[in-house]
Amino acid sequence: MQKKISGTATLASSVAPTQPTQQVFQVKGAVMELHPEEKTVRIKHEEIPGYMKAMTMSFDVRDTNELAGLEAGDTVTFRMTVTHTDGWIDQVKRLNVSRTNTLPTTGQFRFVRDVEPLNIGDPLPEYHFTNHLANR
Ligand SMILES: [Cu+2]
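Residues numbered from 1 in each chain as written. Predicted model: local features only at pLDDT ≥ 70, side-chain atom pairs only at ≥ 80, totals over all residues. Heavy atoms only, no water.

## Structural notes on the packing of aromatic side chains
- Summed over the entire model, instances satisfying the criterion amount to one aromatic pair.
- Above the face of the Trp88 ring, Arg62 is positioned so that its terminal group lies 3.4 Å from the ring centre. (Phe/Tyr/Trp six-rings, centres within 6.5 Å; stacked < 30°, edge-to-face > 60°. Lys NZ or Arg CZ within 6 Å of the ring centre and 35° of its normal.)

Here it is as structure tokens:
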């Protein structure tokens, strides 16, 4: 798979001497909880091969307008920006969620609506991940 990560560092390296101060990734996941008052959103993001498994985690949202119109259970794509000390998301885009109703539920989450629509082949650009600083 083509790597778009700038610099010479690879995800397999524990140290990336040329790591840029800011990296941006396209991420896909399902909204679990919205906390606009805290400027965070909890998202169950898909597996990140070689980095971390699919998990539910909170992301900082600098502009809460990004959360407008979203509901728990929505499938979204978003841009994740990470620096050495910070992380946040923006450009949150809601995907068509109706098709996810046909997928089985995982039983791991308390939402009735299926939130595991991560392998349905949506036409996304390549998405890469590195840091996990947005986690809480
Ligand atoms: Cu995570």
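## Quick word on the sheet that holds strand E5 (residues 87-94)
- Strand order across the open sheet formed by five strands is E3-E2-E1-E4-E5, with antiparallel pairing between neighbours. Every other strand in the sheet has two partners, leaving strand E3 (55-60) and E5 as the edge strands with one partner each. Here the strands of the sheet are splayed against their neighbours by 45 degrees on average, with no regard to which way each runs.
- Where strand E1 (residues 22-35) lies against strand E4 (residues 75-83), nine bridges are found, and the strand directions are antiparallel. (Pairing = 2+ DSSP bridges. Helix = DSSP H or I, 4+ residues; strand = E, 2+ residues; numbered from the N terminus. Axes fitted to C-alpha atoms, helices over the stretch in contact; angles between N-to-C directions.)

## Some thoughts on the environment of Val82
- Within the fold, Val82 resides in strand E4.
- Residue classification places Val82 among the buried residues on the basis of a relative accessible area of 2%.
- Distance in space between the C-alpha atoms of Val82 and Gln23 is 5.4 Å, their sequence separation being 59 residues. (Buried < 20%, exposed > 50% of the residue type's maximum accessible area, 1.4 Å probe, protein only.)

## A look at the pattern of salt bridges
- Tallying each qualifying case throughout the model produces three salt bridges.
- Among the salt bridges present, the one from Asp86 reaches Arg62, with a minimum N-O distance of 2.8 Å. Taken as a pair, Asp86 in the loop between E4 and E5 and Arg62 in the loop between E3 and E4 lie far apart in primary sequence, 24 residues in all.
- For Asp86, a relative accessible area of 26% puts it in the partly exposed group.
- A salt bridge links Asp74 to Arg94; its shortest N-O distance comes to 3.1 Å. Residue Asp74 is found in the loop between E3 and E4, and its partner Arg94 is found in strand E5; the two are separated by 20 residues along the sequence. (Salt bridge = Lys/Arg side-chain N within 4 Å of Asp/Glu carboxyl O.)

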